[in-house]
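Fold and contact review
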Amino acid sequence: MSNLAVDTGPPPTPLYIDKKRYAWLFSVIGPGLSLVGPVSVSMFDVGAWVLFFPLVFFYVFIPLLDFWIGEDTSNPPESEVKALESDGYYRAITYATIPVLWVAVIFNCIFLCTHTLSIWEWLATVIITGSVLGFGLNVSHELGHKLGTLPRKIALINTALGAYGHFSIEHNRGHHRHVSTPEDPASSKMGENIYQFACREMPGAALRAWHLEADRLTRTGRSTWHPDNEILQALCITTLVYGTLIYVYGLAMVAVLVPVALWGAFQLTSANYVEHYGIQRLKTEQGTYETCKPHHSWNSNHLVSNLVLFQLQRHSDHHTHPGRGYQSLRDFPNLPRLPSGYFGMFFLAYIPPLWYRVMDPLLIKTVGSDAQRINFLPSAQQRLKQKYGIE
């Protein structure tokens, strides 16, 4: 009997397993946590202290977990990206988040309108409810970049919950084109605090979206006010939802919906602020800006906050390959790196002196002290150049 070995070739490559496959469900659970306080108080007679739980969870507990657990720099193999993108499970998670968002926002708004709360209890509930609208814009961001009509329409409808129906138009056709340039109202400048940025970004983004949609309709021979105007479509949904709530609960609902919607919009502004702070694309010899690359956006690999935000924080790859799903976004070496996830960075941004102290030296280091690669607030440019000794 022969003992000759049989050459069976190299061992088969093991199938790729996404170790975070079920952990992405935290992106669904996250917005639902905003219901813990109002449901506990209104249905189970729990003390009003529970209204502060979601606020502490997102703005204290998650940043601490990001610090303790750290970053996840792993990437899916390129050979598996096609399979990941075609796996309906990941899209189903984004769809599953939408009813959670709508129930949480509407329930909490009704709770605010029908319960007597202290100013701090009211404020905590408004902030966490508005934050859910921020989660909603993140879901719309994910779906709005897909090629199919259905996910993009769902994204549009979802933005109506926060009265921000122009978002997908402005983000996809405006921000992605002009990102990290002085021409982009959604890219923050070095020396510009978040409150200055909000006053520039919010109206600037809405105006740009309207012009972009008007141009699209004009090119096809239709009026700006045609029913196919997607901003008007979203506005009709917003009017229906908000109008119904105001009709049922009276004018007191206005005093709830306005601050909730404003805080929701401010969450998007906060994300835009931290994602591109001070970074500028260079101009080519032809006078156009260089192609957007991974190093034109701040990146964060902090695991916990990425699991709660559909990996929005891997923003560098997103702007380079906007069609990639959250499950396929990659990390790259030598990227501009945020020292924390978004929840921690938002808190830092809300206190401008702390933000400048952390981010300005990091920006200078990241761009190699090259002033041409910094998007300066014009009024602060000379002062900052002198402070950091750059030209």
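Moving on to the overall build of the protein chain. Each helix and strand in the protein chain was counted, giving 16 helices and zero strands. A globule of 391 residues ought to have a C-alpha radius of gyration of about 21 Å, and the protein chain, at 23 Å, matches this closely. Its C-alpha atoms give the protein chain principal-axis dimensions of about 85 × 70 × 50 Å. Here the protein chain, with 391 residues, has 52% of them falling under the buried criterion. A total accessible area of about 18500 Å² is found for the protein chain, and carbon and sulfur atoms account for 66% of it.

For helix 8 (residues 167-178), the set of buried residues is F167, S168, I169, E170, H171, G174, H175 and H176. On its buried side, helix 8 packs onto helix 6 (119-144), helix 7 (149-159), helix 9 (194-219), helix 10 (230-249), helix 11 (254-276) and helix 13 (315-320). Directly after helix 8, the chain includes S180, whose backbone phi takes a positive value near 60°.

This paragraph deals with the packing of helix 9 against helix 11. Where helix 9 meets helix 11, the axes come as close as 10 Å, and the angle between the chain directions of the two elements is 110°. In terms of orientation, helix 9 lies roughly perpendicular with respect to helix 11. Of helix 11, the residues touching helix 9 (which contributes I194, Y195, F197, A198, E201 and M202) are L262, A265, F266, T269, S270, N272 and Y273. When its residues are assigned to classes, the contact of helix 9 with helix 11 shows nine nonpolar, three polar and one charged.

Let us now look at the environment of N75. Relative to the helices and strands, N75 is located in the loop between helix 3 (53-69) and helix 4 (78-86). Once the C-alpha coordinates of N75 and Q313 are considered, the two residues, 238 residues apart in sequence, prove to be 14 Å apart. Apart from residues lying up to four places away in sequence, N75 is in contact with R314, L329, R330 and D331. Looking at N75, its side chain comes within polar contact range of the side chain of R314, at 3.1 Å. Looking at N75, its side chain comes within polar contact range of the main-chain nitrogen of D331, at 2.7 Å.

Now for the confidence of the model for the protein chain. Mean pLDDT over the protein chain works out to 94, with 96% of the residues at or above the 70 mark. Ignoring residues within four places in sequence, the model shows residues 1-9, a span with pLDDT below 50, making zero contacts including any to other chains.

Moving on, we come to the pattern of salt bridges. Applying the stated criterion across every chain yields a total of 14 salt bridges. With a closest N to O distance of 2.8 Å, E213 and R173 form a salt bridge. One end of the pair, E213, is in helix 9; the other, R173, is in helix 8, with 40 residues separating them in the sequence. You can call E213 buried: its relative accessible area is 0%. Residue class for R173 comes out partly exposed when judged on its relative accessible area of 30%. One network of salt bridges, in which partners are shared, links E78, D317, R324 and R330.

Glancing now at the side chain of D66. Take D66: it is sitting in helix 3. In this structure the side chain of D66 is engaged in a polar contact, spanning 2.7 Å, whose partner is the side chain of S305. Those residues in contact with D66 that lie beyond four places of it in its chain are H302, L303, V304, S305 and G341.

Moving on to the environment of N172. Counting through the fold element by element, N172 comes out in helix 8. We classify N172 as partly exposed; its relative accessible area is 27%. Counting along the chain gives 150 residues from N172 to P322, while the straight-line C-alpha distance between them is 8.8 Å. Among the polar contacts listed, one links the side chain of N172 to the backbone oxygen of G144, at a separation of 2.8 Å.

Before going further, it helps to examine helix 11. Under the 1.5 Å per step criterion, the end-to-end length of helix 11 is 34 Å for 23 residues, consistent within 8% with the ideal 33 Å. In terms of residue burial, helix 11 counts as a mostly covered element, since 17 of its 23 residues are buried.

So, on to unusual backbone geometry. Backbone geometry at Q311 places phi at a positive 55°, although glycine is not the residue there. Under the relative-accessibility criterion, Q311 is labelled buried at 3%. One non-glycine residue with positive phi stands out, namely N334, at about 60°. Within the element layout of this structure, N334 appears in the loop between helix 13 and helix 14 (342-349).

The rules behind these values
- Residues numbered from 1 in each chain as written.
- Predicted model: local features only at pLDDT ≥ 70, side-chain atom pairs only at ≥ 80, totals over all residues.
- Heavy atoms only, no water.
- Helix = DSSP H or I, 4+ residues; strand = E, 2+ residues; numbered from the N terminus.
- Rg over C-alpha atoms; globule rule 2.2 N^0.38 Å.
- Buried < 20%, exposed > 50% of the residue type's maximum accessible area, 1.4 Å probe, protein only.
- Areas by Shrake-Rupley, 256 points an atom, 1.4 Å probe, with all protein chains shown as cover.
- Contact = heavy atoms within 4.5 Å.
- Axes fitted to C-alpha atoms, helices over the stretch in contact; angles between N-to-C directions.
- Parallel < 35°, antiparallel > 145°, perpendicular 65-115°, else oblique.
- Nonpolar A, V, L, I, M, F, W, Y, C, P; charged D, E, K, R; others polar.
- Polar contact = N/O pair within 3.5 Å; in protein donor to acceptor, adjacent residues only side chain to side chain.
- pLDDT = per-residue confidence, 0-100.
- Salt bridge = Lys/Arg side-chain N within 4 Å of Asp/Glu carboxyl O.
- Expected span 1.5 Å × (residues − 1).

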